[in-house]
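Below are the chains, spelled out letter by letter.
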Amino acid sequence: MKTIRFREGQIEEAARLLLDNELVAIPTETVYGLGANGLSEEAVSKIYKAKGRPSDNPLILHVPHKDYVDNLVATISPLEDKLMDAFWPGPLTITFPKSEMVPSIVTGGLNRVALRCPDHELCRRFLEVVGVPVAAPSANISGRPSPTTVEAVLHDMEGRIGGILDGGTCDIGVESTVVECSNDSITILRPGGITREMLLTICDTVEYDKALLHEDEQPKAPGMKYTHYAPNGTMVTIVGEPPRIAQYLTEEFSKIFPSYNEDEASQRVALIVSEETLEVLEFLAKFDEEFSERLSKVHSIVYGTCGDMKALAHTLYGALLECNELGITHIYAEGCATEGLGVAIMNRMSKASSGCIINV
Ligand code: TXA
Ligand code: MG
């Protein structure tokens, strides 16, 4: 199958393909989604096949506006209503008791359905034209980093899907926050673009699903139990002030490049760091020829200034995919504080580095 790349003026063509029950990748403000007609069992089954996704992992249905929710849910509580008013369109996914209309293949057999209204102009226009809810997981092969560009989608999905709607680079870069409401409290099943602090402006009780804090608990969002975002190389996430991170890296480099003048180094090392950390590294290199030689062999990706969480979220998945392209064997990535958007970022970085987080 040839994958057609649809431009902004070709929404109608893209919509027709989706309504023919083919897969069409769609841009959103978080990451690209792998879209299918959410009311068709046949179309949705193609998503699981294209991604290699376990069938017990439910999908999010995307709608262009709050008004499209009524037919898909059995009830809407006052708190759920308030959340939609406050954060839609935006990176918040809410799970509701599902209506009969939603095929059980979408919800992986669960009796709740996850709904989201993306804050992406082109995506919402597309959703309006198709007129059906669009089931869409992130448009990567299961387990790999989520795509934030057309190129990254095509790398995984070229030939496996009917088309892609080109909406440029995704702004936020990490997936939506998934929540479930009960009475007067909100449980965060997956941290994302809408932070706990933002949810606290609407509701006094906002907790994280226990499984996000304790590994032995069963997560309420089935997807959270799978390995995710794994780059091909091994990754270490380092958290601390730039000088301490730089110090840690000098020690690591001397372990992984034992003989710096060896031409045929089998290790390919990458850094994903802040401007400040790279500056300290370059400063140290001025006084240490051996370290300078080692640093010159490393592929450096700078996400922005230290602690700029938006920049880190925006850069992270693209950086991991770049490391795959370059055949990197060791990734050292600078993490951030676990607060605000940092909760979502550190959740993804922890998974990408199989829990290897070093506080320096
Ligand atoms: O930002 C996003 O949410 C992106 C864009 C494309 O919208 N989508 C996305 O989908 O990340 P996906 O399938 O990669 O992740 C959906 C998450 C999974 O962890 C899944 O288990 C959870 O949401 N989920 C979906 N339906 C659910 C339900 N009914 N109850 C609990 N968790 C649910
Ligand atoms: Mg995903």
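Being a predicted model, the structure only gives us computed values, none of them experimental. (Residues numbered from 1 in each chain as written. Chains lettered and ligands numbered in written order. Predicted model: local features only at pLDDT ≥ 70, side-chain atom pairs only at ≥ 80, totals over all residues. Heavy atoms only, no water.)

Student: Could you give an account of the nonpolar core, with specific residues and numbers?
Tutor: Nonpolar side chains tend toward joint burial in soluble globular proteins. Membership of the largest hydrophobic core comes to 46 residues, with the highest contact counts inside it found for L83, W88, L92, L115, I186 and L199. Of all the secondary structure elements, the ones that give two or more residues to this core are β3 (33-37), α2 (41-51), α3 (78-87), β5 (92-97), β6 (112-116), α5 (150-157), β9 (177-182) and β10 (185-190). When residues in this core are grouped by element, the largest group, 5 residues, is from α2. The residues touching L199, leaving out its near neighbours within four places in the chain, are L83, F87, L92, V179, I186, I188, I194 and V206. With 28 residues, the next largest nonpolar core counts A313, A319, A344 and I345 among its residues. (Core = buried A, V, L, I, M, F, W, Y, C linked by side-chain atoms within 4.5 Å. Buried < 20%, exposed > 50% of the residue type's maximum accessible area, 1.4 Å probe, protein only. Helix = DSSP H or I, 4+ residues; strand = E, 2+ residues; numbered from the N terminus. Contact = heavy atoms within 4.5 Å.)

Student: Describe the sheet that holds β3, and please don't skip the residues or the numbers.
Tutor: What links the strands of a sheet is backbone hydrogen bonding, and the strands pair in either a parallel or an antiparallel sense. Spatial ordering of the open sheet is given by β1-β8-β2-β3-β7-β4-β6-β5-β9-β10-β11, a layout of 11 strands whose pairing is mixed. Strands at the two margins of the open sheet, each flanked by one partner only, are β1 (4-6) and β11 (205-208). Bridge count for β5 against β6 is 5 bridges, and the pairing is antiparallel. Its bridge partner being in β6, T95 is matched across the sheet by A114. Its contacts with the sheet place α3 against β5, β6, β9 and β10, and it is angled at close to 155° to β5. Lying on the sheet, helix α4 (residues 121-130) is in contact with β2 (24-26), β4 (60-62), β7 (134-135) and β8 (163-165); it crosses β2 at an angle near 140°. (Pairing = 2+ DSSP bridges. Axes fitted to C-alpha atoms, helices over the stretch in contact; angles between N-to-C directions.)

Student: Please give an account of the packing of aromatic side chains that cites residues and values.
Tutor: Applying the stated rule across the entire model yields 4 aromatic pairs. On the numbers, 5.1 Å between centres and 70° between planes, the contact of F283 with F287 is edge-to-face. Within the aromatic cluster, the residues linked to one another by ring pairs are F253, F291 and Y332. (Phe/Tyr/Trp six-rings, centres within 6.5 Å; stacked < 30°, edge-to-face > 60°.)

Student: Requested: an account of the site of ligand 1, with residues and values cited.
Tutor: Near ligand 1, the surroundings consist of 28 residues, among which T30, N57, H62, S176 and G223 are the closest. Here S176 contributes a side-chain N or O atom positioned 2.6 Å from an oxygen atom of ligand 1. One nitrogen or oxygen atom from the main chain of P222 is found 3.4 Å from an oxygen atom belonging to ligand 1. When ligand 1 sits alone it has 680 Å² of accessible area, and the protein chains cover 97% of it. Listed by contribution, the elements that provide at least two residues to the shell around ligand 1 are β4, β6 and β10. Per-element accounting of the shell around ligand 1 gives the leading share, 3 residues, to β6. Looking at the shell around ligand 1, its residues break down into 14 nonpolar, 8 polar and 6 charged. (Near = heavy atom within 4 Å. Polar contact = N/O pair within 3.5 Å; in protein donor to acceptor, adjacent residues only side chain to side chain. Areas by Shrake-Rupley, 256 points an atom, 1.4 Å probe, with all protein chains shown as cover. Nonpolar A, V, L, I, M, F, W, Y, C, P; charged D, E, K, R; others polar.)

Student: So what about the environment of L72? Which residues, and what values?
Tutor: Structurally, L72 is set in the loop between β4 and α3. A C-alpha to C-alpha distance of 6.1 Å links L72 and K98, two positions 26 residues apart in sequence. Beyond its immediate sequence surroundings of up to four residues, L72 is in contact with L39, L61, V63, P97, K98, S99, M101, V102, V113, L115 and P133.

Student: Report on empty space enclosed by the protein, specifying residues and quantitative values.
Tutor: Vacant regions in the atomic arrangement are exposed by a probe of water-molecule size rolled over the atoms. This structure, assessed with the given rule, holds 2 cavities of 30 Å³ or more. Each pocket or cavity is described by its volume, and for the largest cavity that value is around 50 Å³. Of the residues belonging to the lining of the largest cavity, the class tally is 7 nonpolar, 4 polar and 1 charged. Put simply, the second largest cavity is a space of about 30 Å³. For the second largest cavity, the full set of lining residues is A139, N140, R144, P145, P147, A152, H155, D156 and L321. Ranked by residue count, the leading element in the lining of the second largest cavity is α5, at 3 residues. Residues belonging to the lining of the second largest cavity are distributed by class as follows: 5 nonpolar, 2 polar and 2 charged. (1 Å grid on protein atoms, 1.4 Å probe; cavity = no way out; pocket = protein on both sides within 12 Å on 5 of 7 lines; lining within 4 Å. Points joined across faces, edges and corners; volume = space filled by probe spheres on them.)

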